[in-house]
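Here is what each chain is made of, one letter per residue.
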Amino acid sequence: MAARAQTLAAQLARAADDPIRTLVVGAGVAGMAVAEMLRQQGWHPVVVDRARDDRAPGYMLALMPMVDSLIADLGVRDRYLAESVELSRYRLRDRTGREVRTDSLAAVVDRYGDYRGISRSSLQEVLSASGGEVTFETTVAALVEHPEGVQVRLRTAETETIHDFDLVIVADGIRSTTRDLIPGSGPLEKVDTGWGGWVAWAEPTDDDEPDLGEEIWGAGFLLGTYPVKGAIGAILCGPAEDLAAGPQDFVRHVRSQLRTSSPRIESALAAVTAEPDPYYWPLDDARTARWTTAHTVLLGDAAAGFLPTAGIGAGMAMESAWVLARMLAHAPEVGLAALLAEYERVQKPRVEAAQGNSRELARLMFRRSRTLAVVRAWVMRAMSVTVALGPIVRLLQNPPDPERAVAETEVRAAR
Ligand SMILES: Cc1cc2nc3c(=O)[nH]c(=O)nc-3n(C[C@H](O)[C@H](O)[C@H](O)COP(=O)(O)OP(=O)(O)OC[C@H]3O[C@@H](n4cnc5c(N)ncnc54)[C@H](O)[C@@H]3O)c2cc1C
């Protein structure tokens, strides 16, 4: 198990004397990452999550090098490498299953850091390696911000109680409900692709290539297979109305389109049909107009939720958690509100650039037309994965600098 279940009373008692009493809502990728960073800095954030526990098997994540600074600061790199596999190649197949191209990812990996495949549950274990306390089955029922802080009504399985915090970090994911309690977070801008996807764990095959992520961009379907330690994460996507008939029918339809298959493709399709009711993701996203107030901040998917098309949502959530925690270390001297405003100024454009890249890819990937699929395969023959991920590669070329952002905050305050 990743996080350690703790009572709310014990967490609150430890946080009482902190200079910035902090509540983290949501112990997913972003919430756990920021909480553990703050704990390393000597703070005692109170972390709550709606889930009963964190035992869900989760899905596969490909993590790009922007997570490396966080992993290094948490001192968990050895564990991270042990729980993940290196992704060094990407293969694209066309609508019939024929190979379009196979790219080495060395240009990204060697220059900027690690590119790893890991299950979400293993990542949570890595992030919470040094303790990771969470009070489960707890949500925010109400939140009132005032000039000195935030009054929060926490709802546990048994009771509702009111508590004062200086800072609330809202990290409850793409369908955040806590975000709606903050006046001024602004309207949500959403993209709904009209597609959905089933996620399943497939058995690796004997001839499998454990460093290879592979996608079939079909006409009216997409099959992705991505290795993690000891398994292949599979996602089978299609237009929501076509998926309504269920996995058996849709997989039959996909098989009818393929002229070339492989043991990995067969294993992935078998995994999707093995579950009577495989986990279904609606393929939509959301972007919040404003991330911060004087005492609250949206983090991870709650700020900008991602389509999984570029494999970058968790990466950006972890980068944001790292930047935020590093900046917050200076909050007692520099001032919380000014730091939060500066954090939003530097990090929001980065996250939205990555989100924009995911949206562009979705427009290319989620297509029903066969003619378009043929043209797309021709175009993709000339386009490497690093070109397709251009805006994200540019983020890697220009990493964030939280210390500079703190200095900038001080300069602005002095003006
Ligand atoms: C199928 C799929 C594949 C993906 N692949 C990749 C990939 O390859 N690479 C990548 O970087 N990203 C990928 N992503 C995106 C990535 O998973 C997300 O961007 C990332 O998990 C966001 O982290 P988060 O902490 O903001 O949200 P989450 O990880 O979703 O965590 C939210 C947490 O909040 C809790 N919660 C929810 N509501 C409440 C509430 N009201 N009160 C308290 N707690 C609450 C939940 O229980 C959960 O623990 C993928 C996503 C999907 C769906």
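This is a predicted model, so every value here is computed, not measured.

A. Region of the structure containing the overall build of the protein. Counting secondary structure elements, the protein contains 16 helices and 20 strands. The C-alpha atoms of the protein give 22 Å as radius of gyration, which agrees with the globular expectation for 415 residues (22 Å, within 12%). The dimensions of the protein, computed from C-alpha atoms along their principal axes, are 65 × 50 × 40 Å. Evaluated residue by residue, the protein yields a buried proportion of 48% over its 415 residues. Excluding contacts between residues fewer than 6 apart, the proportion of contacts in the protein whose partners are at least 24 apart in sequence is 77%.

B. How the structure looks around the sheet that holds strand β11 (residues 149–155). Taken together, the 3 strands give an open sheet; going across it, the order is β10-β11-β12, and neighbouring strands pair in antiparallel fashion. Two strands in the sheet have a free side with no partner beyond their single neighbour: β10 (139–146) and β12 (160–165). Taken pair by pair, the neighbouring strands of this sheet meet at an average axis angle of 20 degrees, ignoring direction. Pairing between β11 and β12: 6 bridges, direction antiparallel. Bridging from a neighbouring strand, Val150 pairs with Phe165 of β12.

C. Spotlight on the site of the ligand. Taken together, 35 residues are adjacent to the ligand, and Gly26, Gly28, Gly173, Gly300 and Gly313 come closest. Those elements that place two or more of their residues in the shell around the ligand are α2 (29–40), β4 (60–63) and α10 (313–328). With 4 residues, α10 is the single largest residue contributor to the shell around the ligand. In terms of residue class, the shell around the ligand is built from 20 nonpolar, 11 polar and 4 charged.

D. How the structure looks around the environment of Ser88. With respect to the helices and strands, Ser88 occurs in the loop between β5 (85–86) and β6 (89–93). Of the residues examined, Ser88 has 18 C-beta atoms within 10 Å and is grouped as partly exposed. Counting along the chain gives 16 residues from Ser88 to Ser104, while the straight-line C-alpha distance between them is 5.9 Å. In contact with Ser88, other than residues within four places in its own chain, are Ser104, Leu105, Ala106, Val109 and Asp211.

E. Quick look at the sheet that holds strand β16 (residues 222–228). Taking strand neighbours across the sheet as the criterion, the 8 strands line up as β7-β6-β15-β16-β17-β14-β18-β20 in an open arrangement whose pairing is mixed. Either end of the sheet is taken by a strand with one partner, and the two such strands are β7 (99–104) and β20 (304–305). Relative to β20, strand β18 (residues 279–288) runs antiparallel, the two sharing 2 bridges. Opposite Ala286, over in β20, you have Gly305 as the bridge partner. With respect to the sheet, helix α13 (residues 370–381) is in contact with β6, β7 and β15 (212–217), its orientation differing from that of β7 by roughly 30 degrees.

F. Here's a closer look at the packing of α2 against α10. Contact pair α2 / α10: the axes reach a minimum separation of 8 Å and the direction vectors enclose 25 degrees. The orientation of α2 with respect to α10, classified from their angle, is roughly parallel. Our pair here, α2 against α10, has a crossing hand that is right-handed. Between α2 and α10, the residues in contact are Val29, Ala30, Ala33, Val34, Met37 and Leu38 and Ala314, Ala317, Met318, Ser320, Ala321, Trp322, Leu324, Ala325 and Leu328, respectively.

G. Representation of the nonpolar core within the structure. Grouped together as the largest cluster of nonpolar side chains are 121 residues, with contacts concentrated most on Ala33, Val34, Val168, Ile169, Leu299, Ala321 and Leu324. Tallying contributions element by element places α10 first for this core, with 11 residues. In terms of domain composition, this core takes at least three residues from each of domain 1 (4–85 + 118–190 + 286–414) and domain 2 (191–283). Contact partners of Ala321, with chain neighbours within four places excluded, come to Ala30, Ala33, Val34, Met37, Leu70 and Leu299.

H. Structural view of helix α16 (residues 402–414). In this model α16 runs 19 Å from its N-terminal to its C-terminal C-alpha over 13 residues, within 8% of the 18 Å that 1.5 Å per residue would give. Among the residues making up α16, those that are buried are Pro402, Val406 and Thr409. The buried residues of α16 occupy an angular sector of 55 degrees when projected down its axis, which confines them to one face. Along α16, the residues that are exposed and aim more than 90 degrees away from the buried face are Glu403, Arg404, Val411 and Ala414.

I. Layout of unusual backbone geometry. Non-glycine residue Glu137 carries a positive phi angle of around 50 degrees. Mapped onto the elements, Glu137 comes out in the loop between β9 (133–134) and β10.

J. Here's a closer look at the pairing of β15. Here β15 lies mainly inside the structure; 5 of its 6 residues are buried. In the sheet, β6 pairs with β15 via 5 bridges, with the strands oriented parallel. In the strand pairing of β15, Arg91 is matched with Glu214. In the sheet, β15 pairs with β16 via 4 bridges, with the strands oriented antiparallel. Bridge pairing in β16 links Glu215 to Gly224. Where β15 hands over to β16, the hairpin turn is made up of 4 residues, of which Gly220 adopts a positive phi near 85 degrees.

K. Spatial organisation of the domain arrangement of the protein. Assigned domains within the protein: domain 1 (4–85 + 118–190 + 286–414) and domain 2 (191–283). Look at where the C-alpha atoms of domain 1 and domain 2 centre, and you get two points 28 Å apart. Contact residues are listed per partner, giving 21 residues for domain 1 and 21 residues for domain 2. Secondary structure elements with two or more residues in the side of domain 1 that touches domain 2: β4, β8 (116–119), α12 (336–365) and α13.

What counts and what doesn't
- Residues numbered from 1 in each chain as written.
- Predicted model: local features only at pLDDT ≥ 70, side-chain atom pairs only at ≥ 80, totals over all residues.
- Helix = DSSP H or I, 4+ residues; strand = E, 2+ residues; numbered from the N terminus.
- Rg over C-alpha atoms; globule rule 2.2 N^0.38 Å.
- Buried ≥ 20, exposed ≤ 12 C-beta atoms within 10 Å, placed from the backbone.
- Contact = placed C-beta atoms within 7 Å.
- Pairing = 2+ DSSP bridges.
- Axes fitted to C-alpha atoms, helices over the stretch in contact; angles between N-to-C directions.
- Near = placed C-beta within 6 Å.
- Nonpolar A, V, L, I, M, F, W, Y, C, P; charged D, E, K, R; others polar.
- Parallel < 35°, antiparallel > 145°, perpendicular 65-115°, else oblique.
- Left-handed = near helix turned anticlockwise from the far one by under 90°.
- Core = buried A, V, L, I, M, F, W, Y, C linked by C-beta atoms within 7 Å.
- Domains from an automatic or database assignment.
- Expected span 1.5 Å × (residues − 1).
- Arc of directions from axis to C-beta.

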